[in-house]
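# What the coordinates show
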Amino acid sequence: MSVQEKTKQEFEKYIESIKKMAKEEGYDTLDDAYVEHLRCRFFDQDVIIGEGARVILREMKMSDLEAFYAFEDACTEPVLRPFIKKSMEESIQNLQAYIAHMYPLYDYGMWSVVEKENGTIIGICGIGHNDYPGAECTDLGYYICPKWRKKGIASECIEIVLDYAKNYLEIPLICAIIREENRISRGILRKFGFEFVKKLESSDGKISVYERKLGNGNE
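Residues numbered from 1 in each chain as written. Predicted model: local features only at pLDDT ≥ 70, side-chain atom pairs only at ≥ 80, totals over all residues. Heavy atoms only, no water.

## Quick notes on unusual backbone geometry
Applicable threshold: Helix and strand assignments follow DSSP, with helices taken as H or I runs no shorter than four residues and strands as E runs no shorter than two, numbered in order from the N terminus. The classification of residues rests on relative accessible area computed with a 1.4 Å probe and restricted to protein chains. Under 20% of the type maximum is buried, over 50% is exposed, and intermediate values are partly exposed.
Located in the positive-phi region is K150, a residue other than glycine, with phi close to 60°. For K150, the position within the fold is in the loop between β5 (137-144) and α5 (153-168). Backbone geometry places E170, a non-glycine residue, at a positive phi of 60°. For E170, a relative accessible area of 63% corresponds to the exposed category.

Structure (structure tokens):
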């Protein structure tokens, strides 16, 4: 038996264990897209979330950390804070845990934004769990490195994320938390149908909470 055949058998055994757990939770079948994601993770292949005209969104890999640290404002950007820690060692441990638990458990998370033409990582965008007091929700997060801003990249990424959230995850409502003074993000959110909900105080200063309903004809 070849290594390749053995690996395929191991994957089939792994899938059977997942199906068993799913049945215990009341699910009779696994979605084909979900199985494909499991397959890619099992064989250490890229999990592609979506593709636009200029970018691809895929699940983060350990090798992405080097690109994250190279972003000009990496240490001050709140969206990058969960991944950029005080030391590289801490960042590695944190990202390893994130990849091992977040993606398999929820089938979503923050994803790397990859420029299609040359494969450069230019930001992150995706779905997370916001835990600001008074604004706990499933939320949209995004960051595009400075030299790639004002090119419509953020809008392209958000469009991919909203499509994934609505048509694959079937999330009924998604929120977005931004700094109160961030007029550019405010304009982008309104462009995609997000509505202002409230303002809150946080450790980062004043923040604004926006939300958008997904599905049921709410585009």
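## Digging into the state of the cysteines
In a disulfide, the sulfur atoms of two cysteines are held together by a covalent bond. We count it as follows: Cysteine sulfurs are considered disulfide-paired once they come within 2.5 Å of each other.
Applying the stated criterion across every chain yields a total of zero disulfides. Of the cysteine sulfurs around C40, a residue in no disulfide, the closest is that of C157, at 20 Å.

## Thoughts on the pairing of strand β3 (residues 110-115)
This is how it is decided: Pairing between strands requires that DSSP locate at least two bridges from one strand to the other.
Taking burial as the measure, the six residues of β3 include six buried ones, the bulk of the element. Taken together, the five bridges between strand β2 (residues 55-59) and β3 define a ladder with antiparallel strand orientation. Each bridged residue has a counterpart across the sheet, and for L57 the counterpart in β3 is V113. Between β3 and strand β4 (residues 121-130), which pair antiparallel one after the other, the connecting turn spans five residues, and G119 there sits at a positive phi close to 75°.

## Observations concerning the packing of aromatic side chains
We apply this condition: Between 30 and 60 degrees the pair is tilted, below 30 it is stacked and above 60 it is edge-to-face, where a pair is any two Phe, Tyr or Trp rings, Trp via its six-membered ring, whose centres lie within 6.5 Å.
The full count for this structure, using the stated rule, is 14 aromatic pairs. Summarising the aromatic geometry, the rings of F11 and Y14 are spaced 6.4 Å apart at their centres and angled 40° between planes, so their arrangement reads as tilted. Placement of both F11 and Y14 in helix α1 (residues 3-24) is noted, with a separation of three residues, approximately one turn of the helix. With a centroid separation of 5.2 Å and an interplanar angle of 80°, the aromatic rings of W111 and Y164 are classed as edge-to-face. Here W111, found in strand β3, pairs with Y164, found in helix α5; they are 53 residues apart in sequence, far enough to count as distant. Each member of the aromatic cluster is reached from another via a ring pair, and the members are F68, F71, F83, Y98, Y103 and Y143.

## Thoughts on helix α6 (residues 183-191)
Here is the rule we go by: An arc is given here, and it is the one of the directions from the helix axis to the C-beta atoms. Whether two residues touch is decided by their heavy atoms; if any such pair falls within 4.5 Å, the residues are in contact.
Where α6 is concerned, the buried positions are S185, I188 and L189. Within α6, the buried residues cover an arc of 100° as seen down the axis, which keeps them to one side. Of the exposed residues in α6, the ones pointing more than 90 degrees away from its buried face are R183, R190 and K191. Looking at the packing, one finds that the buried side of α6 touches β5, α5, β6 (173-179) and β8 (205-213). Downstream of α6 by one or two residues, G193 has phi in the positive range, about 85°.

Everything listed here is a matter of coordinates, which is why it stays silent on function.
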